[in-house]
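Reading the structure
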Amino acid sequence: MAIRALIVDDEPLARERIRSLLREEPDIELVGECSDGRKAVAAIRKQPLDLLFLDVQMPEMDGLEVLQAVGPDTVPAVIFVTAYDEYALRAFEERALDYLLKPFDRERFRRALERARIHLQGRQAGEVNQQLRQLIETIRRNPDAVAVPHNGGSDKLPSPAERLVVKSGGRVYFLKTEEIDWIEAAGNYVRLHTSRDSHLVRDTMNSVEARLDTSRFLRIHRSTIVNLERVKELQPWFHGDYVVLLRDGTRLTLSRSYRDRLQEILGRAI
């Protein structure tokens, strides 16, 4: 009997990668693809499924919220797909069927798929459902327990990260946060600027901001976060905005709506 699978990922290239690998698996029937969480919930409820390739980080409704919306009794076996979220991986390793860390190769994909086959073939399916139920209950009780703070988190935030895991050029870098000069939004990505280079990673500004030390890093614009130790001076600009001049000559904008936090740190009005 064919294993009915659904791909859920907001990145077209990521969906194509999984789709191309599934073409080599004759026992897998790909019944559809979804580009966001809401479509995924509708698709899961609409048709019987055996296996779900579920992206963790998606805008508006992420993979964890999909699980909450559908419920453990309806969700099929799940292989999570994630770019690099080291916090979430710890929870998934304990409770998920498997996870794929982007970019994954054919061998790693096949290992995850084989594990799914073993579970789906028999007695361990109930165990998988129980693991998903535990994960969903953990999220409901404490959303920060799996640390995917795409909306900025809640009042109880995890400790500031000393390092960020960055995948670039097929390599994984453990970037010390103190090395970051400033961060800018770039569509569905953020770019981390250091004195030597920059790294483009798939994440949101809110998620990155929630993991940083607020005594060191400051949001100065909806698309900019700056390391305060790199700031040389502030220059008045138009309509209450300021130019933030960094020590390396980089010029950024402090928007009027983000000025209060800086004034709080300085202890004076600007």
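Refer to the structure presented above.
Description of the structure in this document. (Residues numbered from 1 in each chain as written. Predicted model: local features only at pLDDT ≥ 70, side-chain atom pairs only at ≥ 80, totals over all residues. Heavy atoms only, no water.)

1. A look at the pattern of salt bridges
This structure, assessed with the given rule, holds 21 salt bridges. With its nearest N and O atoms 3.1 Å apart, the salt bridge here joins Arg 211 to Asp 203. Given a relative accessible area of 5%, Asp 203 falls into the buried group. Residue Arg 216 pairs with Glu 229 through a salt bridge whose shortest N-O separation is 3.2 Å. In this pair, Arg 216 is assigned in the loop between helix H7 (205-211) and strand E11 (217-221) and Glu 229 in the loop between strand E12 (224-227) and strand E13 (231-236), connecting sequence segments 13 residues apart. (Salt bridge = Lys/Arg side-chain N within 4 Å of Asp/Glu carboxyl O. Buried < 20%, exposed > 50% of the residue type's maximum accessible area, 1.4 Å probe, protein only. Helix = DSSP H or I, 4+ residues; strand = E, 2+ residues; numbered from the N terminus.)

2. Quick notes on the sheet that holds strand E1 (residues 3-8)
In spatial order, the strands read E2-E1-E3-E4-E5; together these 5 strands make up an open sheet with parallel pairing. Across the chains shown, the open sheet's two edge strands, defined by having one partner strand only, are strand E2 (28-34) and strand E5 (98-101). Pairwise comparison of adjacent strand axes, ignoring direction, gives a mean angle of 20° for this sheet. Strands E1, E2, strand E3 (51-55) and strand E4 (77-82) of the sheet are contacted by helix H1 (residues 12-22), whose axis makes an angle of about 170° with E2. (Pairing = 2+ DSSP bridges. Axes fitted to C-alpha atoms, helices over the stretch in contact; angles between N-to-C directions. Contact = heavy atoms within 4.5 Å.)

3. Some words on the pairing of E4
Sheet faces and side chains relate simply in a regular strand, where the side chains alternate between the two faces. Counting buried positions along E4 gives 6 out of 6 residues, so the element sits mostly inside the fold. When E3 meets E4, the two strands line up parallel, connected through 5 bridges. Bridged to Asp 55 within E4 is Val 81. Handedness of the E3-helix H3 (residues 63-70)-E4 crossover: right-handed. Bridging between E4 and E5 involves 4 bridges; their strand directions are parallel. Of the residues in E5, the one forming a bridge with Ile 79 is Asp 98. (Right-handed = clockwise from strand over helix to strand, strands pointing away.)

4. Some details on the pairing of E12
Covered by surrounding structure in E12 are Thr 224 and Val 226 together with Ile 225 and Asn 227, the residues of both alternating faces. Looking at chain direction, strand E8 (residues 180-186) and E12 are connected through 3 bridges and run antiparallel. Considered in E12, the bridge of Glu 184 is made with Thr 224. Where E11 hands over to E12, the hairpin turn is made up of 2 residues, counted between the paired strands.

5. Focus: the nonpolar core
Leu 6, Val 8, Leu 54 and Val 66 are the most contacted members of the largest nonpolar core, which has 20 residues in total. Those elements giving two or more residues to this core turn out to be E1, helix H2 (37-46), E3, H3 and E4. If you tally residues by element for this core, the top one is H2, at 4 residues. Leaving out residues up to four positions away in the same chain, Val 8 has contacts with Cys 34, Asp 36, Ala 40, Leu 52, Phe 53, Leu 54, Asp 55 and Met 58. (Core = buried A, V, L, I, M, F, W, Y, C linked by side-chain atoms within 4.5 Å.)

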